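# Coordinates in review
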Amino acid sequence: MAKEIPDLVAEARTGTGKGAARQARRNGKVPGIVYGDHKDPVAVQFDFNQLLTKLRAGRFMSTLWNLKLDGQDDVRVICRGVQKDVVKDLPTHIDFMRLRRTSKVNLFIHVEFINHEKAPGLKRGGTLVTVRPEVELNVTAGDIPESIVVDLEGHEIGDSIHIGDVKLPAGATPTTDRNFVIANIAAPSALVSEENEGGSDETAADADAELPETEEEAAEE
């Protein structure tokens, strides 16, 4: 299933240059530009508060957006630059690049885990530790997966699940060649505690066995 692309609402901006940009900011807007795909650049502006909320939510520059502009067809864009006030750290200008449906783009894709009930390690009380709830993949703009699916069936306590163990959606590839860990199944704390205690007792017993039991035995040795 293709991932739903979030909307980003923009308004057409009249005029370009520093003067027009300052006027937009005085009106509570963030000026921007949309370029690429062999088309003329379009000057736009965004509601300051709405844009700031999306920026602070994270992953803004690695999210594919469906740009909505009155009087024009929706277009898929990705952010290619955010200029900020050096003192207030607030957005003052933003750049977007148009993408075709066949364009390749790096995006963070959600990781979904299935078959918890078929994982022996979890049935024994182990805990699924998620190392990467999202994975950065190189995907086609027109076919972004909703998630990547990790099957837990058969996994035991101590198992680590790497990106190489996962069947990725068609056309999607990791952005790094490293076979990184996505999750692992950790032992329950009670089991870890028992093993540690058992190890201590055995060590102590071994140490006692090496010592003579009485002073007479020591003297005989």
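This text goes with the structure placed above it.
This structure is a prediction, so every number in the text was calculated from the model and none was measured. Each chain carries its own residue numbering, running from 1 in the direction its sequence is written. Confidence filtering applies because this is a predicted model: local features only for residues at pLDDT of at least 70, side-chain atom pairs given and counted only at 80 or more, and all residues used for totals across whole chains, interfaces and linings. To get the side-chain values, take all heavy atoms of the structure and skip hydrogens and water.

A count of helical and extended segments in the protein chain gives five helices and 13 strands. Accessible area is worked out with a 1.4 Å probe on protein chains only. A residue is then buried under 20% of its type maximum, exposed over 50%, and partly exposed in between. Counting every position in the protein chain, which comprises 221 residues, the buried fraction comes to 33%. Within the protein chain, residue pairs in contact and separated by at least 24 positions form 65% of the contacts whose partners lie at least 6 positions apart. All accessibility values rest on the Shrake-Rupley procedure with a 1.4 Å probe; residue burial counts only the protein chains present in the view. For the protein chain, the exposed area adds up to about 13,700 Å²; of that, 47% sits on carbon and sulfur atoms. Runs of H or I in DSSP of at least four residues are treated as helices and runs of E of at least two as strands, each being numbered from the N terminus. Residues are treated as being in contact if the distance between any of their heavy atoms lies within 4.5 Å.

Turning our eyes to something else, we now look at the side chain of asparagine 115. Along the chain, asparagine 115 turns up in the loop between strand 7 (104–114) and helix 3 (120–123). Owing to a relative accessible area of 19%, asparagine 115 belongs among the buried residues under this scheme. If near-sequence neighbours (up to four positions away) are discounted, asparagine 115 is found in contact with Asp151, Leu152 and Glu153.

To form a nonpolar core, buried Ala, Val, Leu, Ile, Met, Phe, Trp, Tyr and Cys residues must be joined to one another through side-chain atoms within 4.5 Å. Counting residues in each nonpolar core, the largest one holds 28 residues, and the members touching the most others are Leu107, Val135, Leu137, Ile148 and Ile182. Breaking this core down by element, the ones donating at least two residues are strand 7, strand 9 (134–140), strand 10 (147–151) and strand 13 (181–186). Among the elements that take part in this core, strand 7 stands out by supplying five residues, more than any other. Both domains that meet at this core, namely domain 1 (7–99) and domain 2 (105–194), each give it at least three residues. Every residue in contact with leucine 107, bar those within four places of it in the chain, is listed here: Ser62, Thr63, Leu64, Ile78, Val135, Glu136, Leu137, Val139 and Ile144. In this structure, Ala10, Val34, Cys79 and Phe96 belong to the second largest nonpolar core, which totals 16 residues. In this entry, domain limits derive from an automatic or database-based domain assignment.

Next up on the list: the sheet that holds strand 8 (residues 127–130). Two strands pair under a simple rule: DSSP has to find at least two bridges between them. The strand order 8-13-11 describes an open sheet built from three strands, whose pairing is antiparallel. Two strands bound the open sheet, and with one partner strand each, they are strand 8 and strand 11 (160–162). For this sheet, the mean angle separating the axes of adjacent strands, direction not counted, is 20 degrees. Pairing analysis gives three bridges linking strand 11 to strand 13, with the strands arranged antiparallel. When the sheet's bridge partners are listed, isoleucine 161 is paired in strand 13 with alanine 183. Axis definition: a line fitted to C-alpha atoms, limited for helices to the stretch in contact. Angles are taken between N-to-C directions and run from 0 to 180 degrees.

Computed over the protein atoms alone on a 1 Å grid, cavities are sets of points where a 1.4 Å probe fits but cannot get out and pockets are open sets with protein on both sides within 12 Å along at least five of seven lines; a residue lines them when it has an atom within 4 Å of a point. Grid points are joined across faces, edges and corners, and a volume is the space filled by probe spheres set on the points. Here the largest pocket defines a volume of roughly 240 Å³. Around the largest pocket sit 13 residues that line it, and Lys39, Gln72, Asp73, Val75 and Arg98 are the ones nearest its centre. Of all elements in the fold, only strand 3 (39–47) and strand 4 (64–69) reach the threshold of two or more residues within the lining of the largest pocket. The residue classification treats Ala, Val, Leu, Ile, Met, Phe, Trp, Tyr, Cys and Pro as nonpolar and Asp, Glu, Lys and Arg as charged. All others, Gly included, are polar. Within the lining of the largest pocket, the residues separate by chemical class into six nonpolar, one polar and six charged.

Turning next to the pattern of salt bridges. Salt bridge, as used here, is a side-chain nitrogen of Lys or Arg placed within 4 Å of a carboxyl oxygen of Asp or Glu. Tallied over the full model, the rule gives five salt bridges. In this structure, arginine 100 and aspartate 37 form a salt bridge, with 2.6 Å as the shortest nitrogen-oxygen distance. Taken as a pair, arginine 100 in the loop between strand 6 (91–98) and strand 7 and aspartate 37 in the loop between strand 2 (29–36) and strand 3 lie far apart in primary sequence, 63 residues in all. You can call arginine 100 partly exposed: its relative accessible area is 43%. The class for aspartate 37 is partly exposed, based on a relative accessible area of 24%. Glutamate 134 is the salt-bridge partner of arginine 59, the closest N and O atoms lying 3.1 Å from each other. Residue arginine 59 is located in the loop between helix 2 (48–56) and strand 4, and its partner glutamate 134 is located in strand 9; the two are separated by 75 residues in the primary sequence.

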